[in-house]
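Working through the structure, step by step
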Amino acid sequence: MKTFRRKQVVKRLRILIALATVPLFLAACGNLSSSNMSSGSGSNKTGSTQLTGQSTDGDYEGVIKSGHYQTSKSRGVTNSQDSGNTYNLKSFETGMLNVSKKVFSTKKYVFQEGQYLSSSTVQNWLDRQSKSNDTGLNPKDNGSKSPNKRNPVYIQALEEQDYMTQKNSKLSLSGVTVGIAVNSVDYYKKEQYGATYETKISKAAGLAYAKKAANTVLKRMRQKSALKNVPIVIAIYRQASNDSLVGGTFMAYSQNKAGATTVNSWTALGQKNVVFPVESGETAPNSNDASSFTNFKSQVENFFPNLSGVTAQAQYDGNTLQGMHVNINTQFYSQTEIISFTQYLQTAAQKYLPTGVPIDVKVSSTDGVQSYLSRASGEKKFTSHVFNSY
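Residues numbered from 1 in each chain as written. Predicted model: local features only at pLDDT ≥ 70, side-chain atom pairs only at ≥ 80, totals over all residues. Heavy atoms only, no water.

Quick word on the sheet that holds strand β14 (residues 307-317)
Cut-off, in case you're wondering: Think of it this way: DSSP has to see at least two bridges between two strands before they count as a pair. Numbering of helices and strands runs from the N terminus, with a helix taken as a DSSP run of H or I at least four residues long and a strand as a DSSP run of E at least two residues long. Lines fitted to C-alpha atoms define the axes, with helix axes restricted to the stretch in contact, and inter-axis angles between N-to-C directions lie between 0 and 180 degrees.
Across the sheet, which stays open at both edges, the six strands sit in the order β13-β14-β15-β16-β17-β18 with mixed pairing between neighbours. The outermost strands of the open sheet, each flanked by one partner alone, are β13 (271-276) and β18 (383-386). Looking at each pair of strands side by side, their axes are set apart by 15° on average, direction ignored. One ladder, built from six bridges, connects strand β15 (residues 320-330) with strand β16 (residues 359-365); its direction is parallel. Of the residues in β16, the one forming a bridge with V326 is V361.

This is the structure:
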């Protein structure tokens, strides 16, 4: 019964967060011709091409052609699984950007969604090897339905991001990042509409398989004329399980010089995602962060009892906190309650939550996002916004 209740809570939290983020996803892609663009480089045009401009120095400018944002040719193509973790895709893409920033500076490079790997190509690569598909990166089906004997599906997703440089008012491809997402758990059915079974994949096994596949991916990409002589970064991501309240993390990345067809070295990453409050029997990488969140949660719940839950997603590099996303689900219906609650959160967050890292706080109800607070890295005070209606 305890496991059932936890699954129900997880399901409700996912639904609320997914509903709240839909408008953000819709606003971020597709036709941007009617969007307000920032001044400066956002007004630089190259024929029918222009840039979006930067909201901060830490973000890439994007590419717009003929008034349309350049959407990815293969975004979202994944292997079929019983039910996905909705956090995986977003953390996969965000993590790829963060890895890319280690190699391609936001001051020098312009971001463009992947334009060289088509949906059909990526789908074929993600499938199993077979007589009808010799390009499959996943192992052949050995016919076994036993979790201990079956060849699991290792690679779940593959995505491309392009990085451009501008010279003499002309954009040119100057780098590519490819993300390879490997499963921590392979979900499958022995028969259609039957029960779901699991094959767990260790971190070491997933990493080893992905590194081997990376060589194949690099060689194939070099066969494309546009990609023959540009640096290619390959990053390996480990998917979180379907019942996780956080997405996965990147384990390693490789920088491959222009023209290289073999991956020579890897840089390990010590990322770890944690859910606050931590469950019984588990420990946080830093006990001070766990205590800070517990104090914040206690103060908030005591002041406003009509809350469905206060949780947080935190990311660490080793034992060092990199950032935190706080989600608060409310049962408020009064606009004045939301205003007062947001004002109180601004004070409580500044007093109790960890300092020196970016933190955002999202207040949601069944009606959607009610208010939002954020503090960038290095800032002391939180800014807030309450969503009103006319």
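What about the pattern of salt bridges?
Think of it this way: side chains of opposite charge can pair up when their charged atoms draw near. Quick note on the threshold: Salt bridges, as used here, are contacts in which a Lys or Arg side-chain nitrogen is within 4 Å of a carboxyl oxygen on Asp or Glu. Only protein chains enter the accessibility calculation, which uses a 1.4 Å probe; a residue whose area is less than 20% of its type maximum is buried, one above 50% is exposed, and one in between is partly exposed.
This structure, assessed with the given rule, holds two salt bridges. In this structure, the salt-bridge partner of R150 is D186, at a minimum N-O distance of 2.3 Å. Here R150 is found in the loop between α3 (119-126) and β6 (155-167), whereas its partner D186 is found in strand β8 (residues 185-189), with 36 residues between them in sequence. Pair check on accessibility: R150 and D186 agree, each one buried. In this structure, the salt-bridge partner of K297 is E301, at a minimum N-O distance of 2.9 Å. Here K297 pairs with E301, and both are found in helix α5 (residues 287-303), just four residues apart, close to one helical turn. You can call E301 partly exposed: its relative accessible area is 31%.

Some details on the environment of S91
What counts here: Residue contacts are counted whenever heavy atoms from the two residues lie within 4.5 Å of one another. Under this definition, polar contacts are N or O atom pairs within 3.5 Å; protein pairs additionally need one hydrogen-donor-capable and one acceptor-capable atom, and for neighbouring residues in sequence, both atoms have to be side-chain atoms.
Considering the arrangement of structural elements, one finds S91 in helix α2 (residues 86-101). In the structure, S91 is positioned 148 residues away from Q239 in sequence and 9.3 Å away in space, judged by C-alpha atoms. In contact with S91, other than residues within four places in its own chain, are Y237, G247, G248 and F250. Within the structure, S91 has its side chain in polar contact with the backbone nitrogen of G248 (distance 3.5 Å).

A few points about α2
Stated precisely, the cut-off is as follows: Here a helix's expected span is defined as the number of its residues, less one, multiplied by 1.5 Å.
Between its first and last C-alpha atoms α2 spans 24 Å; for 16 residues at 1.5 Å apiece the expected length is 22 Å, and the two agree. Turning to α2, its buried residues are Y87, N88, S91, F92, E93, G95, M96, V99 and S100.

Re helix α6 (residues 335-352)
Here α6 contains 18 residues, and its C-alpha end-to-end distance of 25 Å stays within 8% of the 26 Å for a straight helix at 1.5 Å per residue. Of the positions making up α6, those classed as buried are I338, F341, T342, Y344, L345, A348 and A349. Along its buried surface, α6 packs onto α5, β14, β15, β16, β17 (368-375) and β18.

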